[in-house]
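Now for the letters of each chain:
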Amino acid sequence: MTNNTRNIIENGLTLVLGGTGKTGRRVVERLEALDVPVRMGSRSASPAFDWTDESTWAPVLRDVEKVYLSYYPDLAAPGAVDAVRSFTAAAVGAGVRHIVLLSGRGEDEARESERIVQESGLAWTVVRASWFAQNFSEDYLLDPIREGEVVLPAGDVPEPFVDADDIADVAVAALTRAGHAGEVYEVTGPRALTFAEAVAEIGRAAGRDVAFVSVPVADYAAALKQQGLPDDLIGFLTYLFGTILDGRNARPADGVRRALGREPNDFADFARNTAASGIWSS
């Protein structure tokens, strides 16, 4: 029997951290469609949640049974591991029963965060995701796509970009169905593409020319500095491109198939569906 045919289990209040983000928003939508009680964890919600203000944690954890834990901007960001450790302890104290952690591939900080959740004494599920396809449509790569040129410190190393819809489907299955506790789902797309190949697919889907330019990491960091980005964000981005994008994550994984009993969405489908929305043309 595949996981997607297992009976839905009884679901109490679920807290979705990053509830307005790329994956959290999708998790909230899916849980609400299943009539699962949801509390959104974000600075704009009521009660508000802020990773940098621990006084906001207890109110959002009150009466919560399950948590979708998504750390912004990334588990590799400075201070992320300490925040995950403190929040997990708060969740244990508040009576949470199950944490579904959105993790990353190949990052030491992500592995440490996984260990914290796994050793918490709570039921846990890890959703270990590759680079989001939606970074090209809902994040810092949207404007370069619209402008017709993407400049990144990424060469010929491929990445099996994952669709955020697949991440959300796996997370919701873990939150609402039996059989997912204690599992690590490494979720990726079905094939690996270089950034140049991904940008080319977007251009074809959108019916326009979009160039890709590879630059050294140091030049990329200097350009970000000139644009006025804060030093901590520049350090985080250069760490990802200069360290993680080295081929260690090039191989597609089977997490979507294991969790859902179906194949993951292909990047070409993401590009075609997103292009149809018109977001890359405006």
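Since the model is a prediction, treat every value here as computed from it, not as a measurement. (Residues numbered from 1 in each chain as written. Predicted model: local features only at pLDDT ≥ 70, side-chain atom pairs only at ≥ 80, totals over all residues. Heavy atoms only, no water.)

A. View of the packing of aromatic side chains. The final tally for this structure, using the stated rule, is 18 aromatic pairs. Judged by centre distance (4.8 Å) and plane angle (55°), the rings of W51 and Y71 are tilted. Linking W51 in the loop between strand 2 (38–41) and helix 2 (57–61) with Y71 in the loop between strand 3 (66–69) and helix 3 (80–94), this pair joins segments that are 20 residues apart in sequence. Y71 matches W51 in its accessibility class, with the two residues each being buried. Between the aromatic rings of W57 and F87, the centroid separation amounts to 5.6 Å while the plane-to-plane angle is 75°, which identifies the pairing as edge-to-face. Taken together, the residues W57 in helix 2 and F87 in helix 3 connect sequence positions 30 residues apart. Judged on exposure class, the residue W57 and its partner F87 are both buried. Through pairs of rings, three or more aromatic residues link up here, namely W131, F136, F161, F195, Y220, F241, F267, F270 and W280. (Phe/Tyr/Trp six-rings, centres within 6.5 Å; stacked < 30°, edge-to-face > 60°. Helix = DSSP H or I, 4+ residues; strand = E, 2+ residues; numbered from the N terminus. Buried < 20%, exposed > 50% of the residue type's maximum accessible area, 1.4 Å probe, protein only.)

B. A look at the sheet that holds strand 1 (residues 14–17). An order of 2-1-3-4-5-7 is seen for the six strands of this open sheet, with the pairing classed as parallel. This sheet does not close on itself; its edge strands, each paired only once, are strand 2 and strand 7 (183–187). Sheet twist, expressed as the average angle between the axes of neighbouring strands with direction ignored, equals 15°. Across seven bridges, the pairing between strand 4 (residues 98–104) and strand 5 (residues 123–129) is parallel. Note on strand 5: the bridge partner recorded for L102 is V127. Packing against the sheet, helix 1 (residues 22–33) makes contact with strand 1, strand 2, strand 3 and strand 4, and its axis sits at approximately 155° to strand 1. The sheet strands contacting helix 3 are strand 1, strand 3 and strand 4, and the helix crosses strand 3 at an angle near 170°. (Pairing = 2+ DSSP bridges. Axes fitted to C-alpha atoms, helices over the stretch in contact; angles between N-to-C directions. Contact = heavy atoms within 4.5 Å.)

C. The arrangement of the pairing of strand 2 in detail. Only one face of strand 2 is covered, namely the face carrying R39 and G41; the face carrying V38 and M40 is uncovered. Pairing between strand 1 and strand 2: four bridges, direction parallel. The residue bridging T14 from the neighbouring strand is V38, located in strand 2. After leaving strand 1, the chain enters helix 1 and then returns to the sheet as strand 2, a path that is right-handed. (Right-handed = clockwise from strand over helix to strand, strands pointing away.)

D. Summary view of the pattern of salt bridges. The tally for this structure, following the rule as stated, stands at 26 salt bridges. The salt bridge involving E138 is made with R26; its shortest N-O contact spans 2.8 Å. Residue E138 is located in the loop between strand 5 and helix 5 (142–147), and its partner R26 is located in helix 1; the two are separated by 112 residues in the primary sequence. R26 gets classed as buried once you look at its relative accessible area, which sits at 8%. A network of salt bridges, in which partner residues are shared, links R25, R26, E29, R30, E138, D165, D166, D169 and R262. (Salt bridge = Lys/Arg side-chain N within 4 Å of Asp/Glu carboxyl O.)

E. How the structure looks around the nonpolar core. Grouped together as the largest cluster of nonpolar side chains are 34 residues, with contacts concentrated most on F136, L152, F161, F195, F241, F267 and W280. Those elements that provide at least two residues to this core are helix 5, strand 6 (149–152), helix 7 (195–206), helix 8 (217–226), helix 9 (231–244) and helix 11 (267–277). Residues within four places of F267 in sequence aside, it is in contact with A133, F136, F161, L193, A198, E201 and I202. Counting 28 residues, the second-largest nonpolar core is a separate cluster that includes L15, L61, L122 and W124. (Core = buried A, V, L, I, M, F, W, Y, C linked by side-chain atoms within 4.5 Å.)

F. Geometry of helix 3. Taking 1.5 Å per residue as the helical rise, helix 3 with its 15 residues ought to reach 21 Å, and the 21 Å between its terminal C-alpha atoms agrees with that figure. Looking only at helix 3, the buried set comprises A80, V81, A83, V84, F87, T88 and A91. The arc that holds the buried residues of helix 3, viewed along the axis, is 155°, so those residues lie on one side. Of the exposed residues in helix 3, those oriented more than 90 degrees away from the buried face are A89 and G93. (Expected span 1.5 Å × (residues − 1). Arc of directions from axis to C-beta.)

G. Just unusual backbone geometry, in detail. Here S46 and P47 are connected by a cis peptide whose omega angle stands at 0°. Position of P47 relative to the elements: it lies in the loop between strand 2 and helix 2. With omega at 5°, the peptide bond leading from Y72 into P73 counts as cis. Considering the arrangement of structural elements, one finds P73 in the loop between strand 3 and helix 3. Backbone geometry places D35, a non-glycine residue, at a positive phi of 65°. With respect to the helices and strands, D35 occurs in the loop between helix 1 and strand 2.

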